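Structural features, examined
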Amino acid sequence: MDATTPTTPGGDERAVMVDIRGVNKHFGDLHVLKDVDLQVGRGEVVVVLGPSGSGKSTLCRTVNRLETFESGSITIDGQALPEEGKALAQLRADVGMVFQSFNLFAHKTILENVTLGPTKVRGRGKADAERRATELLERVGVGEQAGKYPAQLSGGQQQRVAIARSLAMEPKVMLFDEPTSALDPEMVGEVLDVMDELARGGMTMIVVTHEMGFARRAANRVVFMADGQIVETAEPEAFFSAPRSERAKDFLGKILPH
């Protein structure tokens, strides 16, 4: 079976949703992504792990061109990633992104934050967008906060709003770049619960995280990166119980309880 056909743990083939081929990226003299190949199937949850500076977040950010790259190609659902302009904005609307910082508009209410994209980018009517936003805020457990402003919410609540905002665009794939790393420990679980539910619901997800429990529980595949390269790819149980590479063994030895 070729590398372009991701499989589920049960062995059935998936259509490719995100296809990353030979991607290279430099920051000055630093070669941060080195000929990276990764295919993510429709409905697949891929968790990207690795030490700081391994290129995980950079890879995540190239998928919707928040970071440019010098060579290689990325396609989303068969569409090549445009370099700029309207076509890029359109494709970005299909790729939800949740960051470490919540990036909510401070001067807009929670409901306004969630309806902005659908009305401005997708052209939805205000009433329709508000109805959908209300449903999504309920789904992520912050429905009663709709009239408040971001500063009135906890970090965990703001991150759940950020997830609802991405979902309101009806994306084909969701990118999560260390979505819990800025949160107080007691708020991490409430955000991971929402991500778990999305994973179970069949959302295509690429998740950069240090949350090993989530990786074990929710991922179809774990991708381990080091020094700008994908070193190892495996199903979660195989990766955590019997990593093949020395780099992965060393990484897990430092972060997993002994």
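None of these values were measured; they are calculated from a predicted model.

1. Concerning the overall build of the protein
Across its full length, the protein holds nine helices and 10 strands. In terms of overall size, the protein behaves like a compact globule, its C-alpha atoms giving a radius of gyration of 18 Å where 258 residues would be expected to give roughly 18 Å. Here the protein holds 258 residues, and the buried ones make up 53% of them. A sequence separation of at least 24 residues applies to 65% of the contacts in the protein between residues at least 6 apart. Total accessible area computed for the protein in this model is approximately 11,800 Å², and 48% of it derives from carbon and sulfur atoms.

2. Thoughts on the packing of aromatic side chains
Counted according to the given criterion, the structure contains three aromatic pairs. A ring pair is formed by Phe224 and Phe251, whose centres lie 5.3 Å apart and whose planes are at 50 degrees; its orientation type is tilted. In this pair, Phe224 is assigned in strand E9 (residues 221-226) and Phe251 in helix H9 (residues 246-255), connecting sequence segments 27 residues apart. Residue class for Phe224 comes out buried when judged on its relative accessible area of 0%.

3. Things to note about the sheet that holds strand E5 (residues 79-80)
Either a parallel or an antiparallel arrangement is found when strands of a sheet pair, and the pairing is made through backbone hydrogen bonds. With respect to topology, four strands assemble into an open sheet ordered E2-E1-E4-E5, the strand pairing being antiparallel. Strands at the two margins of the open sheet, each flanked by one partner only, are strand E2 (30-41) and E5. Note that strand E1 (residues 16-27) and strand E4 (residues 71-76) share five bridges and pair antiparallel. Pairing of Arg21 across the sheet is with Ser73, part of E4.

4. Looking at the UniProt feature "domain: ABC transporter" (unreviewed entry) in the protein
Residues annotated by UniProt as "domain: ABC transporter" (unreviewed entry) correspond here to residues 18-252. End C-alpha to end C-alpha, residues 18-252 measures 27 Å, and it is 39% helix and 26% strand.

5. Concerning the layout of surface pockets
In this model, the largest pocket occupies a volume close to 510 Å³. Lining of the largest pocket is provided by 19 residues; of these, Met97, Gly117, Arg165, Ser166 and Met169 occupy positions nearest its centre. Looking at the lining of the largest pocket, the elements that each hand over two or more residues are helix H2 (85-93), strand E6 (95-98), helix H3 (110-120) and helix H5 (155-168). Looking at the lining of the largest pocket, the element that brings in the most residues is H3, giving four residues.

6. As for the packing of H3 against H5
Between H3 and H5, the least distance of the axes is 8 Å, while the angle of their chain directions is 25 degrees. Relative to H5, the element H3 lies roughly parallel. The handedness of the crossing between H3 and H5 is right-handed. Listed contacts from H5 to Ile110, Asn113, Val114 and Pro118 of H3 are Val161, Ala164, Arg165 and Ala168. Partitioning the contact of H3 with H5 into residue classes produces six nonpolar, one polar and one charged.

7. Quick notes on the side chain of Asn24
Positionally, Asn24 belongs in strand E1. In terms of polar contacts, Asn24 uses its side chain to reach the backbone carbonyl oxygen of Gly22, at 3.3 Å. In this structure the side chain of Asn24 is engaged in a polar contact, spanning 2.8 Å, whose partner is the side chain of His31. If we skip the residues at most four places from it in the chain, Asn24 touches His31, Leu33, Lys34, Asp35, Phe69, Glu70 and Ser71.

8. Structural notes on the nonpolar core
Soluble globular proteins: nonpolar side chains tend toward being buried together. Ile163 and Met205 are the most contacted members of the largest nonpolar core, which totals 51 residues. The element that contributes the greatest number of residues to this core is helix H6 (residues 185-200), accounting for eight residues. Not counting residues up to four positions away in its chain, the partners in contact with Met205 are Glu44, Val45, Val46, Met174, Phe176, Met195, Leu198, Ala199 and Phe214. The next biggest cluster of nonpolar side chains, apart from the first, holds 28 residues, and it includes Val40, Val46, Leu175 and Met225.

9. Observations regarding the packing of helix H4 (residues 126-139) against H5
Remark: H4 packs on H5, axes separated minimally by 9 Å, with the N-to-C direction vectors making an angle of 140 degrees. Here H5 runs oblique to H4, going by the angle between their axes. Viewed along their axes, H4 and H5 form a crossing whose handedness is right-handed. Contacts between H4 and H5 pair Arg132, Leu136, Leu137 and Arg139 from the former with Val161, Ala164, Leu167 and Ala168 from the latter. Grouping the constituent residues of the contact of H4 with H5 by class yields six nonpolar, no polar and two charged.

About the criteria used
Residues numbered from 1 in each chain as written. Predicted model: local features only at pLDDT ≥ 70, side-chain atom pairs only at ≥ 80, totals over all residues. Heavy atoms only, no water. Helix = DSSP H or I, 4+ residues; strand = E, 2+ residues; numbered from the N terminus. Rg over C-alpha atoms; globule rule 2.2 N^0.38 Å. Buried < 20%, exposed > 50% of the residue type's maximum accessible area, 1.4 Å probe, protein only. Contact = heavy atoms within 4.5 Å. Areas by Shrake-Rupley, 256 points an atom, 1.4 Å probe, with all protein chains shown as cover. Phe/Tyr/Trp six-rings, centres within 6.5 Å; stacked < 30°, edge-to-face > 60°. Pairing = 2+ DSSP bridges. UniProt positions renumbered as here; feature names shortened; annotations may be inferred. 1 Å grid on protein atoms, 1.4 Å probe; cavity = no way out; pocket = protein on both sides within 12 Å on 5 of 7 lines; lining within 4 Å. Points joined across faces, edges and corners; volume = space filled by probe spheres on them. Axes fitted to C-alpha atoms, helices over the stretch in contact; angles between N-to-C directions. Parallel < 35°, antiparallel > 145°, perpendicular 65-115°, else oblique. Left-handed = near helix turned anticlockwise from the far one by under 90°. Nonpolar A, V, L, I, M, F, W, Y, C, P; charged D, E, K, R; others polar. Polar contact = N/O pair within 3.5 Å; in protein donor to acceptor, adjacent residues only side chain to side chain. Core = buried A, V, L, I, M, F, W, Y, C linked by side-chain atoms within 4.5 Å.

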